[in-house]
Amino acid sequence: MTGINDFRDRVAVVTGGASGIGKALAARLVVEGASVVIADNDEDLATKTAEEIGATPYRVDVSDASAVQELADWTVARFGRVDFVANNAGVGPLAPFDELTLEDFRWVLDINLYGVLHGMKAFLPLLKANPAGGHILNTSSMAGLMATHGMSAYSASKYAVVALTEAVRAELEGEGSSVGLSVVTPAQVKSNIGDNSRKRPGLKERVSNGSNDDHLPEARWMEADVAAGIILDGVRRGDLYIVTHPELLAPISGRLDEIVKAFEAAAAR
């Protein structure tokens, strides 16, 4: 599946675009000549970021399907079409399962999974109708390939994003579609996701920002701009999986080894 080789004169939408990886992606896209919509739930921050990098702000709650559809309709009305969509908005409460409420899980899934699903439902028909085709990038996480302590809600949402991307990409390839689909699985990238985790509904008291904790000690911390460069290179190639932290292959391989052992044991019985 081919990607987007040249972003000049393209129209791009980045959810969660006011900070972190989203902001870095938006900034690079602007430099490369794209018209960029920064879609974020924080209207003030979206406006500030858009002014800083030369983009267009739009306030949206990605957990609301109708609001995301309005974003898609507004983008086409404003720019005439859309070429690239980064479903990047996300939250990440890192806490033991026993400390998370059902409300916490719904909140995480509403944003991390349904936010991606809403983006795909709203924008995929527009990209298919675009004579120039297009591309969708879904942000998962290394926690979407391996799960560890404190990540039950987060990993549940991010595993689902990987599966959703794989399934829809297979359908697009079967159709011979000119629309590409990728999923990025970043690890420790400097962002404000720790601040977001303090907003989770089930949190009874404020806790320290967890964004700088080494939940994956094997991985280095990465600047968002560096991650954005890796991600856009993957989009250009049309990669299905875009990996920012190759040093985490060992624990991923370890998980796969356990799955293989289970299959071998089942075959031997």
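None of these values were measured; they are calculated from a predicted model.

Novice: Can you explain the overall build of the protein chain? Please cite residues and give values.
Specialist: Along its length, the protein chain carries eight helices and seven strands. Split into buried and exposed, the 269 residues of the protein chain put 49% on the buried side. For the protein chain, contacts bridging at least 24 residues in sequence account for 70% of all contacts bridging at least 6. Surface accessibility of the protein chain: about 12,400 Å² in total, with carbon and sulfur atoms responsible for 53%.

Novice: I'd like a rundown of the pattern of salt bridges, residues and numbers included.
Specialist: Evaluated as defined, the whole model comprises 11 salt bridges. Here Arg 81 ties to Asp 83 by a salt bridge, and the two come within 3.1 Å at their closest N and O atoms. The buried category is assigned to Asp 83, whose relative accessible area is 0%. The network of salt bridges with shared partners includes Arg 10, Arg 81 and Asp 83.

Novice: Tell me about the pairing of strand E4 (residues 84–87), residues and numbers included.
Specialist: The alternating pattern of E4 places Phe 84 and Ala 86 and Val 85 and Asn 87 on opposite faces, both of which are buried. By the bridge criterion, three bridges tie strand E1 (residues 11–15) to E4 in an arrangement that is parallel. What sits directly across from Val 14, in E4, is Ala 86. Relative to strand E5 (residues 134–139), E4 runs parallel, the two being bridged by four bridges. Following the sheet pairing, Ala 86 is matched in E5 by Leu 137. Note on the crossover from E4 through helix H4 (residues 102–129) to E5: the handedness is right-handed.

Novice: Before we move on, can you summarise the sheet that holds E4 with the specific residues and values?
Specialist: Taken together, seven strands build an open sheet; the order of strands is E3-E2-E1-E4-E5-E6-E7 and the sheet is parallel. The open sheet has two edge strands with one neighbour each: strand E3 (56–59) and strand E7 (241–242). Relative to strand E2 (residues 35–40), E1 runs parallel, the two being bridged by five bridges. Bridge pairing in E2 places Val 11 opposite Ser 35. Contacting E5, strand E6 (179–184) and E7, helix H5 (residues 152–175) crosses the sheet at an angle of about 160° to E6.

Novice: Which residues make up the packing of H4 against H5, and what are the values?
Specialist: For any two helices packed against each other, one specifies the crossing angle of their axes together with the interaxial distance. Running from N to C, H4 and H5 cross one another at 15°; their axes reach a closest spacing of 8 Å. Accordingly, the angle class assigned to the pair H4 and H5 is roughly parallel. In this structure, H4 crosses over H5, and the sense of that crossing is right-handed. Between H4 and H5, the residues in contact are Phe 105, Val 108, Leu 109, Asn 112, Leu 113, Val 116, Leu 117, Met 120, Leu 124 and Lys 128 and Ser 152, Ala 153, Tyr 154, Ala 156, Ser 157, Lys 158, Ala 160, Val 161, Leu 164, Val 168, Leu 172 and Glu 175, respectively. Looking at the contact of H4 with H5 residue by residue, the class counts come to 16 nonpolar, three polar and three charged.

What counts as what
- Residues numbered from 1 in each chain as written.
- Predicted model: local features only at pLDDT ≥ 70, side-chain atom pairs only at ≥ 80, totals over all residues.
- Heavy atoms only, no water.
- Helix = DSSP H or I, 4+ residues; strand = E, 2+ residues; numbered from the N terminus.
- Buried < 20%, exposed > 50% of the residue type's maximum accessible area, 1.4 Å probe, protein only.
- Contact = heavy atoms within 4.5 Å.
- Areas by Shrake-Rupley, 256 points an atom, 1.4 Å probe, with all protein chains shown as cover.
- Salt bridge = Lys/Arg side-chain N within 4 Å of Asp/Glu carboxyl O.
- Pairing = 2+ DSSP bridges.
- Right-handed = clockwise from strand over helix to strand, strands pointing away.
- Axes fitted to C-alpha atoms, helices over the stretch in contact; angles between N-to-C directions.
- Parallel < 35°, antiparallel > 145°, perpendicular 65-115°, else oblique.
- Left-handed = near helix turned anticlockwise from the far one by under 90°.
- Nonpolar A, V, L, I, M, F, W, Y, C, P; charged D, E, K, R; others polar.

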